[in-house]
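# Residue-level structural notes
As a plain string of letters, each chain reads:
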Protein chains: 2
Amino acid sequence: MSEQDSIAGEDSLIQSYFAPLAAGFAGAFGLGDDCAALSPEPGHDIVLTTDAIAEGVHFRARDLPEDIAWKAVAVNVSDLAAKAARPIGYLLSLAFPQTPDRKWLERFTDGLRAAQERFGIVLMGGDTDRRPNAPLSVTVMAIGSVPSGRMVLRGTARPDDLLYITGTLGDSALGLHLLSDAGLAIASLDRAFLQQRYLRPEPRIGMRDALLARARAAMDISDGLVKDLGRLCRASAVAAEVHAGSVPVSQPAQRLIESEPELRHLPLTGGDDYEILACIAPEHAAAFESAARSAGIPVTRIGSLREGSGVRVLGLDGQPLEIARPGYDHFQR
Amino acid sequence: MSEQDSIAGEDSLIQSYFAPLAAGFAGAFGLGDDCAALSPEPGHDIVLTTDAIAEGVHFRARDLPEDIAWKAVAVNVSDLAAKAARPIGYLLSLAFPQTPDRKWLERFTDGLRAAQERFGIVLMGGDTDRRPNAPLSVTVMAIGSVPSGRMVLRGTARPDDLLYITGTLGDSALGLHLLSDAGLAIASLDRAFLQQRYLRPEPRIGMRDALLARARAAMDISDGLVKDLGRLCRASAVAAEVHAGSVPVSQPAQRLIESEPELRHLPLTGGDDYEILACIAPEHAAAFESAARSAGIPVTRIGSLREGSGVRVLGLDGQPLEIARPGYDHFQR
């Protein structure tokens, strides 16, 4: 990095690149203080979540700075969206292996700005440091708001609930597969669609009203359907039955799986989809579907809950499928 | 690490070691959900801050897990304390270079538990992942509460304010120096005191009432007095004059500086003290001193603010001192 491109110091870096992202929020004090102050909306709870992404684990060294920034924010906003919380803002903790150059910072903050505009949030505060020999890491803490006591939980599903999923599953894992294997034969539009689903996830913030009004329980799918549904079942002490043939798969994903059948499990087990899994009492199913339709978000019924424990995935022949590895885990190989 | 000591997976790690730390807070849902829900106290603002610590930058590879945990929480609580916010809870984002063993996790969570008890906070949520070849990093987001609109800022000091500091400065930087140079001749009690100040910082949460009632502006000193005071001056558009001879130095620090005079600048420029710098209008000085005394916290007047910009440090002869490096900066060497 040339002398000219280097950043004079931590305060100057924050003021030049990050303070403009906080300009819309008085409680950030222009990022010139140690803390942010937020006046909560009366009658509402504050909803808090944190997720970190790091180079080599959650994104690739060659990913574009604007995509890294978007993804760091989006994965957190997705958690809020699944809880029916309105996203308000976020704190950002950045660890750089070396002082970043101006070009990189401009593109990174462009990605943050795009995410802020899409999700209706502001930067509230943060922390920046340099860690030699460490991968770039971006930790976001997102703050949202929900009517008091109304956060939609994982642990409140019941044995008769119907299982719904937004959008399509597997696109992101297939997109990552394509990014790692440029030689696969696939139409360029299909490739672009699937890769974009990995690089620029779109949290389902539009589901808020439908979830708030109709969902008994919900969560976002970040580590794979089977794994995350297993978590919901444990939290709610219920069992789940999913029909593999009902799991919604996009047309580009279908075409890729047809030509590469060994990837066919990815809609069930691939991570990074950031779609919402919702548990709906049967008597609210029609109203939930209608509310999702009003929001312009496709939802698909993929199965139901019952008494017991564990997740059963039924194949087209009605027989349970063996799922070797239900999803991603940082501490298992 | 032996097979027996390894952790079965991310969920089991969270449930076994971290969920007990969230047991006192219903809105954490036993760490079984993606988000925490916090019902704000009516008439109060939520105060948010984040700071990360990483091995090799903010702590040493050989530091004890319980000290690392304490420090990660303490540096964040210190930010809240300086803003007159009551600490409520925290989110924790952990990145491990490898799956931690049970012994390490027990000691780490012991340190978190000790910090929670001392500061009156609970674990609200978090995130855990594994990053091969990365240093251990611990990112905390702390949440506090302050009467609406009453957060004590950096940018609201005025030219006639008196400058006060809690406790003593330089201990922590001297402690770090001792930890890196075991050969220095110093009494063992002095060594233990100074090293402890580095390893187990004690944020000044007891200053809340005094700051809330009397401070025009305040901040905690984490990167060195001269550097942090410079930030306050910039934020408030004022100048500061500090009398070096008035800066409070502990007796162990004095004795070490007498034998190692090249360390004499550390009370002015050393980081990691987590004492509070407060700006007090002259007419409130007596009441501020009395409130701090009631809280059992020593405060010392070290100078005053005036019109202008920049920080002047006056030596015992009344002449300005040259400060080569005012404090710590991650992006300057």
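### Re the domain arrangement of chain A
The extent of an interface is frequently quoted as the accessible surface area lost upon association of the parts. Residues and elements named next belong to chain A. Partitioning chain A into domains gives domain 1 (10-147) and domain 2 (162-314). Of note, the centres of domain 1 and domain 2, computed from C-alpha atoms alone, are 26 Å apart. Facing 15 residues of domain 1, the contacting portion of domain 2 comprises 16 residues. Taken together, the elements giving at least two residues each to the side of domain 1 that touches domain 2 come down to α2 (65-82) and β3 (86-96). Class assignment for the residues of the side of domain 1 that touches domain 2 results in nine nonpolar, one polar and five charged.

### Topic: the packing of helix α5 (residues 188-199) of chain A against helix α8 (residues 251-259) of chain A
Residue and element names in this part refer to chain A. The contact between α5 and α8 brings their axes to 9 Å, and the two run at 110°. If you check the angle between α5 and α8, you find them roughly perpendicular. When the axes of α5 and α8 are compared, the crossing they make is left-handed. Between α5, through D190, F193 and L194, and α8, the contact on the second element is made entirely by P252, A253, R255 and L256. Among the residues forming the contact of α5 with α8, the class breakdown is five nonpolar, no polar and two charged.

### Notes on the confidence of the model for chain A
Residue and element names in this part refer to chain A. Across chain A, the average pLDDT comes to 93, with 96% of residues at 70 or higher. Across residues 1-6 the pLDDT falls below 50, and counting only partners more than four positions away or on other chains, this stretch makes five contacts in the model. Quick note on the complex model: pTM equals 0.94, ipTM equals 0.93.

### Digging into the pairing of strand β11 (residues 310-314) of chain B
Residue and element names in this part refer to chain B. Of the two faces of β11, the one lined by V311 and V313 is fully buried and the one lined by G310, R312 and L314 carries no buried residue. Sheet analysis places strand β8 (residues 239-243) next to β11, joined by five bridges and oriented parallel. Pairing of E241 across the sheet is with R312, part of β11.

### Let's talk about the relation of the copies chain B and chain A
Superposing the two chain copies requires a rotation about an axis and a translation along that axis. Of the two same-sequence chains, chain B is brought onto chain A (RMSD 0.0 Å, axial shift 0.0 Å) by a rotation of 180°. This pairing of chains is accounted for by a two-fold axis. Of every C-alpha in chain B, the one belonging to A134 of chain B sits nearest the axis of rotation, 2.5 Å from it. The overlap is high: 100% of the interface residues of chain B also sit at the interface in chain A, so the same surface is used on both sides.

### Overview of the packing of α2 of chain A against helix α3 (residues 102-119) of chain A
Residues and elements named next belong to chain A. Closest axis-to-axis distance for the α2/α3 pair is 7 Å, and the angle between their directions is 35°. Considering the relative orientation of α2 and α3, their crossing is right-handed. Contact residues: α2 offers P65, E66, D67, I68, A69, W70, V73, A74 and V77, while α3 offers W104, R107, F108, D110, G111, L112, A114, A115 and F119. Looking at side-chain class alone, the contact of α2 with α3 contains 13 nonpolar, one polar and four charged residues.

### Describing the sheet that holds strand β6 (residues 162-166) of chain B
Residues and elements named next belong to chain B. Sheet architecture is open: six strands sit in the order β7-β9-β6-β10-β8-β11, paired in mixed fashion. The two strands at the open ends of the sheet, each matched to only one other strand, are β7 (215-221) and β11. The sheet shows a mean angle of 25° between the axes of neighbouring strands, taken without regard to direction. Where β6 and strand β10 (residues 299-306) come together, five bridges link them in antiparallel fashion. Note that in β10 the partner of L163 across the bridge is G303. In the packing of helix α2 (residues 65-82) onto the sheet, contacts are made with β7 and β9 (275-280), and the angle to β7 comes to roughly 170°.

Criteria and thresholds
- Counting starts from 1 at the beginning of each chain's written sequence and moves along it residue by residue.
- Chain labels run from A onward and ligand labels from 1 onward, assigned in the order the entries are written.
- Note on the predicted model: pLDDT of at least 70 is required for a residue's local features to be given, and 80 or more for side-chain atom pairs to be given and counted; whole-chain, interface and lining totals, by contrast, use all residues.
- Here the bounds of each domain stem from an automatic or database domain assignment.
- Placing a C-beta atom from the backbone of each residue, one calls two residues in contact when those atoms lie within 7 Å.
- Only DSSP runs of H or I covering at least 4 residues are called helices, and only runs of E covering at least 2 are called strands; the numbering of each starts at the N terminus.
- Residues are sorted three ways: Asp, Glu, Lys and Arg are charged, Ala, Val, Leu, Ile, Met, Phe, Trp, Tyr, Cys and Pro are nonpolar, and all the rest, Gly among them, are polar.
- For helices, the fitted line uses only the C-alpha atoms of the stretch in contact; every axis is such a line through C-alpha atoms, and the angle between N-to-C directions lies from 0 to 180 degrees.
- Angle categories: roughly parallel below 35 degrees, roughly antiparallel above 145, roughly perpendicular from 65 to 115, and oblique for all the rest.
- Crossings are sorted by hand: turned counterclockwise from the far helix by less than a right angle, the near helix makes the crossing left-handed, and turned clockwise it makes it right-handed.
- What pLDDT expresses is the predictor's confidence in each residue, scored from 0 to 100.
- With C-beta atoms placed from the backbone, a residue is buried if 20 or more other C-beta atoms are within 10 Å of its own, exposed if 12 or fewer are, and partly exposed between those counts.
- Note: two strands are recorded as paired if DSSP finds a minimum of 2 bridges between them.
- Here the copies are superposed with least squares, the fitted atoms being C-alpha atoms of residues at a pLDDT of at least 70 in both.

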